[in-house]
Amino acid sequence: MNSSKHRFFIALLPPQEVQEYARGVQQVFVDRYNSQAALKSPPHITLQPPFEWLEQDLSSLNHTLSEFALQHPSVPITLSGFAAFAPRVIYINVQKTPELLGLQADLMTAMESTLGIIDPVSKTRPFAPHLTVGFRDLTRQNFRAAWAEFQDCPVQFKFTVANLTLLIHNGQRWTICHEFPFFSIP
């Protein structure tokens, strides 16, 4: 049995067209603002921040996430405009709908009560859903220049996410480990 720990996080991944749009914006950050960190994972909305988990216990993690997803319907998502966590992060704004806020709160509760996974930072501040395009490797000067370019850019997407996604860090980047379908209403 392999007893090594891996880093994971749980997210919602937008449909392909939205991922392609976000990748295009992320590439602008690479080309103009020397910010590459956002390219280390697929475009996503984080629900459960990164945590470590033993590889040998992956089946219990997968089982918990599968059971959780089957108790929740697909979640409607609206992306609208750009916003920032100054002075280092620029993102596509995700509207805080009751469905999204409820899903995230339920997931955090389930992760803590079922698996003992707790994110101390999330306990001290409200959930701020976002889709990162310029990450912490932005210098303050590049942040100001990029924010001037993007703060008033219109962007609007509406879609429904049908899966909860578990991502794993492979030492270089984040990749999809497993997807768990939400229950669908016939």
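> In this structure, what is going on with the overall build of the chain? I would like to understand it.
A count of helical and extended segments in the chain gives five helices and eight strands. Compactness check: the chain gives a C-alpha radius of gyration of 17 Å against a globular reference of 16 Å for 186 residues, within 12% of the reference. Summarising its shape, the C-alpha atoms of the chain cover approximately 45 × 40 × 30 Å along the three principal directions. A total of 186 residues make up the chain; the buried ones form 44% of that total. A fraction of 79% describes how many contacts in the chain between residues 6 or more apart in sequence connect residues 24 or more apart. For the chain, the exposed surface amounts to about 9700 Å²; the carbon and sulfur share of it is 51%.

> Explain the sheet that holds strand β3 (residues 75–85) to me, please; I cannot follow it from the model alone.
Each strand in a sheet pairs with another by means of backbone hydrogen bonds, the pair being arranged parallel or else antiparallel. Strand order across the open sheet formed by four strands is β5-β4-β3-β6, with antiparallel pairing between neighbours. The outermost strands of the open sheet, each flanked by one partner alone, are β5 (130–134) and β6 (156–161). Looking at each pair of strands side by side, their axes are set apart by 35 degrees on average, direction ignored. As paired elements, β3 and β6 share six bridges and run antiparallel to each other. Across the sheet, Thr78 pairs through a bridge with Lys158, a residue of β6. Strands in contact with helix α3 (residues 98–115) are β3 and β4 (89–94); relative to β3, the strand with the most contacts, it is inclined by about 90 degrees. Across the face of the sheet, helix α5 (residues 140–150) comes into contact with β3 and β4 while running at roughly 130 degrees to β3.

> Could you clarify how one ought to interpret the nonpolar core in this entry?
Side chains of nonpolar character tend, in soluble globular proteins, to be buried together. Counting residues in each nonpolar core, the largest one holds 47 residues, and the members touching the most others are Leu12, Leu61, Ile77 and Leu164. Excluding residues within four positions of it along the chain, Leu164 makes contact with Ile10, Ala11, Leu12, Leu47, Leu65, Phe68, Ala69, Leu107, His178, Glu179, Phe180 and Phe182. By size, the runner-up hydrophobic cluster in this structure holds five residues, among which are Phe9, Ala11, Leu167 and Trp174.

> Is there a simple way to think about the packing of aromatic side chains in this case?
Two aromatic rings are characterised by how far apart their centres lie and by the angle between their planes. All chains considered together, the criterion is met by seven aromatic pairs. Ring geometry for Phe82 versus Phe150: centroids 5.1 Å apart, planes at 55 degrees, classification tilted. Within this pair, whereas Phe82 is found in strand β3, its partner Phe150 is found in helix α5, the two being separated by 68 residues in sequence. Residues Phe82 and Phe150 agree in their burial class; the two are buried.

> I would appreciate a short explanation of the packing of helix α1 (residues 16–33) against α5 in the present structure.
Angle between the axes and distance between the axes: these two values describe a pair of packed helices. With their axes 11 Å apart at the nearest point, α1 and α5 run at an angle of 135 degrees to one another. When the interaxial angle is binned, α1 and α5 end up oblique. Along this stretch, α1 crosses α5, giving a crossing that reads as right-handed. Between α1 and α5, the residues in contact are Val25, Val28, Phe29, Arg32 and Tyr33 and Asn142, Ala145, Ala146, Glu149 and Phe150, respectively. Looking at the contact of α1 with α5 residue by residue, the class counts come to seven nonpolar, one polar and two charged.

> Would you mind going over the environment of Ala37 with me for this structure?
For Ala37, the position within the fold is in the loop between α1 and β2 (45–54). Through-space distance from the C-alpha of Ala37 to that of Phe135 is 5.8 Å; in sequence the pair is 98 residues apart. Those residues within four positions of Ala37 in sequence are excluded, and the remaining contacts are Phe135 and Asp137.

> I keep staring at the pairing of β3 and nothing clicks. Help me out?
Looking along a regular strand, one sees the side chains alternate between the two faces of the sheet. In this sheet, β4 lies alongside β3 in antiparallel orientation, the contact comprising five bridges. The partner of Leu79 across the bridge, within β4, is Val94. Where β3 hands over to β4, the hairpin turn is made up of three residues, counted between the paired strands.

Analysis parameters
- Residues numbered from 1 in each chain as written.
- Predicted model: local features only at pLDDT ≥ 70, side-chain atom pairs only at ≥ 80, totals over all residues.
- Heavy atoms only, no water.
- Helix = DSSP H or I, 4+ residues; strand = E, 2+ residues; numbered from the N terminus.
- Rg over C-alpha atoms; globule rule 2.2 N^0.38 Å.
- Buried < 20%, exposed > 50% of the residue type's maximum accessible area, 1.4 Å probe, protein only.
- Contact = heavy atoms within 4.5 Å.
- Areas by Shrake-Rupley, 256 points an atom, 1.4 Å probe, with all protein chains shown as cover.
- Pairing = 2+ DSSP bridges.
- Axes fitted to C-alpha atoms, helices over the stretch in contact; angles between N-to-C directions.
- Core = buried A, V, L, I, M, F, W, Y, C linked by side-chain atoms within 4.5 Å.
- Phe/Tyr/Trp six-rings, centres within 6.5 Å; stacked < 30°, edge-to-face > 60°.
- Parallel < 35°, antiparallel > 145°, perpendicular 65-115°, else oblique.
- Left-handed = near helix turned anticlockwise from the far one by under 90°.
- Nonpolar A, V, L, I, M, F, W, Y, C, P; charged D, E, K, R; others polar.

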